Structure formats: C-alpha cells, structure tokens
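Descriptive structure summary
The residues making up each chain are set out below.
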Amino acid sequence: MAACRGRIRLVKRMKRHLVVLCCLLCLFMTPSAFAGSTKFDLDLGVNYVIKQSQSMPDISQANQKLGLRVSPLFVSGKFAMKLDAFFFVDVGFAPPRFGFWPDNWLPPQREDGESDFSYGMRVASHYSGVINYMTWGSRSDDFYFRWGKLYGETMGDGVFINSYRDLTVDGHTSRPGVMVKLDGKAVNAPWFGFELLADDFFHPSLLAARAFARPWTGSGIGIVKDSQVGLTYIVDPYGYSVENEDGGTDSVPSIFAVAADIRSPLYQQEWFGASLFCDIILQFPSQKILGMSHALRFGVEGHASKWVLFNGSLTVPTANGYIPSYFESGFTTRTIAELESLKLQAGQLHFYGRIGAQSQDATLYAGLLFQADYLWQDIWSNRQFGLRLRMDRKLYGFNGVTLTYDKHYPGSSNNEGAEAFGNGLFTLRNASMGLEATVKISLVNLDLGLAVSFDDTGKSSDFKIEIGAGIPLV
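Figured I'd write up the structure that's included with this text. Bear in mind the structure is a predicted one, so any value in this text is a computation, not a measurement.

Once that is clear, we can look at the overall build of the protein chain. Each helix and strand counted, the protein chain has 4 helices and 24 strands in total. Relative to its full complement of 474 residues, the protein chain shows a buried share of 42%. Of the contacts made within the protein chain by residues no fewer than 6 positions apart, 53% connect residues no fewer than 24 positions apart. Looking at the protein chain as shown, the accessible area adds up to about 24,500 Å², and 64% of this sits on carbon and sulfur atoms.

Within the secondary structure, D157 sits in the loop between β7 (143-148) and β8 (177-183). Linking D157 and C278, residues 121 residues apart in sequence, is a C-alpha distance of 9.0 Å. Apart from the residues lying within four places of it in its own chain, the contact partners of D157 are D261, R263, F277, D279, R297, E301 and N311.

Here the structure, examined in full by the defined rule, presents 23 salt bridges. The shortest N-O distance in the salt bridge between E114 and R122 comes to 2.8 Å. You can call E114 buried: its relative accessible area is 13%. One salt bridge in this structure joins D456 and R429, with 3.6 Å as the shortest N-O distance. Residue D456 is located in the loop between β23 (444-454) and β24 (460-472), and its partner R429 is located in the loop between α4 (421-424) and β22 (431-441); the two are separated by 27 residues in the primary sequence. Taken together, the salt bridges that share partners define one network made up of D166, R175, D199 and D200.

Moving on, we come to the environment of R110. Topologically, R110 is positioned in the loop between β5 (96-101) and α2 (116-128). Assessed through its relative accessible area of 36%, R110 is described here as partly exposed. For the pair R110 and V123, spaced 13 residues apart in sequence, the C-alpha separation works out to 9.4 Å. Setting aside anything within four residues of it in sequence, one finds R110 in contact with S115, D116, Y119 and R122. From its side chain, R110 meets the backbone oxygen of E114 in a polar contact 3.1 Å long. For R110, the side chain forms a polar contact with the side chain of D116, separated by 2.4 Å.

Bringing the environment of D84 into the picture now. Tracing the sequence through the fold places D84 in the loop between β3 (79-83) and β4 (85-93). The class of D84 is buried, set by a relative accessible area of 4%. A polar contact of 2.6 Å, which involves the side chain of D84, links it to the side chain of N132.

Take unusual backbone geometry next. A positive phi angle, close to 55°, is found at S325, a residue other than glycine. Relative to the assigned elements, S325 resides in the loop between β17 (308-317) and α3 (336-342). One non-glycine residue, N382, lies in positive phi territory at about 50°.

Let's shift gears to the packing of aromatic side chains. Scanning the entire structure with this criterion turns up 21 aromatic pairs. With 5.8 Å between their ring centres and 40° between their planes, Y233 and F256 make a pair best called tilted. Pair noted here: Y233 is in strand β11 (residues 228-236) and F256 is in strand β14 (residues 255-268), with a separation of 23 residues, a long-range link. Taking the relative accessible area as the measure of exposure, F256 reaches 30% and is therefore partly exposed. Ring-pair connections join several aromatic residues into one group, and the members of that group are F370, F385, Y405, Y409 and F421. The cationic tip of R334 hangs over the ring face of Y326; the distance from NZ or CZ to the ring centre is 5.0 Å. A cation sits over an aromatic face here: K407 above Y409, 5.5 Å from the ring centre.

Inspection of the sheet shows β11 paired to β14 by 9 bridges, in the antiparallel sense. Bridge pairing in β14 places T232 opposite A259. Relative to strand β15 (residues 272-285), β14 runs antiparallel, the two sharing 13 bridges. In the strand pairing of β15, S264 is matched with L276. Count of turn residues in the β14/β15 antiparallel hairpin: 3 residues.

Rules used in this analysis
- Residues numbered from 1 in each chain as written.
- Predicted model: local features only at pLDDT ≥ 70, side-chain atom pairs only at ≥ 80, totals over all residues.
- Heavy atoms only, no water.
- Helix = DSSP H or I, 4+ residues; strand = E, 2+ residues; numbered from the N terminus.
- Buried < 20%, exposed > 50% of the residue type's maximum accessible area, 1.4 Å probe, protein only.
- Contact = heavy atoms within 4.5 Å.
- Areas by Shrake-Rupley, 256 points an atom, 1.4 Å probe, with all protein chains shown as cover.
- Salt bridge = Lys/Arg side-chain N within 4 Å of Asp/Glu carboxyl O.
- Polar contact = N/O pair within 3.5 Å; in protein donor to acceptor, adjacent residues only side chain to side chain.
- Phe/Tyr/Trp six-rings, centres within 6.5 Å; stacked < 30°, edge-to-face > 60°.
- Lys NZ or Arg CZ within 6 Å of the ring centre and 35° of its normal.
- Pairing = 2+ DSSP bridges.

Below, the structure written as structure tokens:
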C-alpha cells in the first residue's frame, strides 16, 4: 500500500510539472501568434547520450541516458529565450533495464535542519536548468543581459575573463549563469558603467565584477573622452577538489584577484580601431599553496573592418608565483601540480594573442588563440594553441555548429622529447576536440555532440558522444 501511495504521489507531481510546462509553452506561443516581428520554434526530439572514459565507446560499460526533449525558442526584437525540458528514461544493456527517471522534475530532498530560504534556493536552482538561455541584446550593445549557459563572455580588456565558456554543461544542458553589462551611454550617462558575471547564480564557482568610469568624457576631445579607468574583482568562492594523477584528491583553496585598468583609444574609425590598455594585478589566495603575487599587463585590442577582432597582451610578473589566465574555461579541473607548472617567475614573460573574424550580426565566428610563457635564451613553456568555429544561423542544412580544438605543450621547449610547435599541431598528444552540430535532414533535425581528449602519448583518455533527433513543429 505504501508503495502504491508513493506511485500515486509521483503521478500527481508529474501532472503538476506537465501543467507548468504547458503554461510555459503557451506563454511562448501567445505573443508569436499576435506579433509579426516575433519568431517561435518548437522542437520535439529524442536524445541518446553515452558517457565513458575509454578510447572508443563501449555500450555495455557506458553511462547512458535516453530522453524526450521539448525545446521551444522565442525571439522578439532584442529578447531571445530557449528552453530545454527533458523527460528521461534510464536504459541499460548489461544487465538490461528500462525505467522512467524523474529526478530532474521532482524537487530535491530537503536536508535536516535546512532553512526555508536555503531550501527554496536549491529548488530554484534545480528547476532553472530548464532554461538553456535567456538574453537581451548582444555583447556589443551598451546594455546586455544573459541568463543560462555562458558562452564566449569577456569582461573589460580580458584581464581575467576572456571568451569564457562554461565547460560543465553540454549542448542541451544548462545551469543559471548570469552576465550583465551596462554602459552608461544606454541611459545618457556616459561617464560610468559596470559588468557582472557568475557562472551559477545560486552556487557560483566563479564571481566577477567590473566598474569603470570615463573621467574625461566631458572634455569633448575625440579619443580622450572615451578613455576608461576601471577596477575588476574576481573570486572562486569555495575552491574546488579534483582527482590528481596519483589517485588522490587535491583540494585547491579559494583564490581572488583584483585589477586596476586604464583603456585609451589609439585610433577609432569605422574600418579600423585600436585601444591600448594597462592592468595592475594583485592575486590573493586564501592559503599559501599558491602564494600572494602581482603583475603588470600591457596590450592592444581592436578591430579591422567590421569583422576582424584582435586582442594581444604581455604580462610581466612583479613577484614570483603569478598565474596568468587562472580563471580560464575549465579552471576547476586543474590539479595543484598543474597550477605549480603555470606559475610565472621573475624574468619570465607571458604572451597572449587572439584574433577572430565574425559576421556583423555575430552569428558566424572563427578565431585563433595562442599563449605561452617565455624565458631568456628562447625557452618557451606552457604553450597553448586553440581554434574556435561557431555558426548560430541556418546554412547549407546546418542549424548550428560549434567546433573547438585545443593543443597543449606541457613543460619547456628545451626539455628532451618536447614537441616543436609546428609539428605538434599535426599530432594528437595533449589535444582535445569538441563538436556540437544540428543538421537538418528532410523534416528531422539531427543533433550531434562529440568531445574527446588525448593524453601525452596521443591515446584517447576521455570520450563522450551525444546523438539526438528532433522534429520542428512550428
């Protein structure tokens, strides 16, 4: 009887959640029915996900998940919102099993002694995963807002946050990241502005804020009036734990950093623009594993024509131990040994360069990045090369494509067995690749996802594949 009552309660809860989902769909469909400038799409599809850690997928050992996906998309003017609601089924082959998996629809279990506020925040975080993204405006606008999965976010001149992507989520999963940018020009107050970022609104592993002023905006002098003076603060509030190569666990402490910056336009025209920037950086760990450090950073950023963007910088440590690009995408996966290898010492220089080409509406993007540390006598270390391709529009049967490639060169260039930079681009040693694509075949949208990483010998150390199919209804 108790089991029967439990099933009845489960069915009632599922009915309530289905009602909520239907209401959300109605909210999407109602404005699209009456406003000519709006767009509404609704996809229904089946996704099948395999996760495992072998060189090739093995169905008998993989972690598999089968789900019905309901994905409405609504666009109106500068506002866009996409939902991804899943009804998962647990399926397996060894031993055979099949059953409904309702955890993403049921509220999380309340812990003993947990306050109403704390539990309410956990419930809100749990259900917010249904929002893939919600945006207002674009990154180049004076006001920009994004809720959901973070992709390609940059703050200020990129001293801490430079094209940041949340790697903890996949193509059809999300978490409540937040990015807000307000330039005072949007409210007729061009002398100030601010930016805020959190990778998870309810339990962030990354928090950042920047405030800036244009103290000479009233001067009326073309270039000088747009110069900025800013202050950026960033923190990893809780630190993180990660398994190390010895099979143990590294507990990396919380770290925060502060940077004061000044940005001044060097030349500004429609076909070409360039700005110089300078940062004074202080890095403060809460424990002595990393050590306090500081550095200076100089660089230039700008555009050539309307489509080519560039950013280059040189970081000079003024104390031993500074780690450049500490808060890069995927930073919570690095062990203490890896962090130690990234520390800059006095006399070293860190180079960073990025160049990208994008369409005017930013729906097509291709970019290259390079970073490395340099020491006298042509000794290079921690070299990294990256390639990014992204298409967010329909083209030649593709509804969207994201391709990433990263190549790492651990150690120094003078070490025995170290790869030469050019030759290394054609091997799989310490490389990782990712692909997300939606392909339209007749009336069906086929979703493909692939992520693979290779170790120092060029063998696959991690493999993930995602396959799904959807039928657009609207």
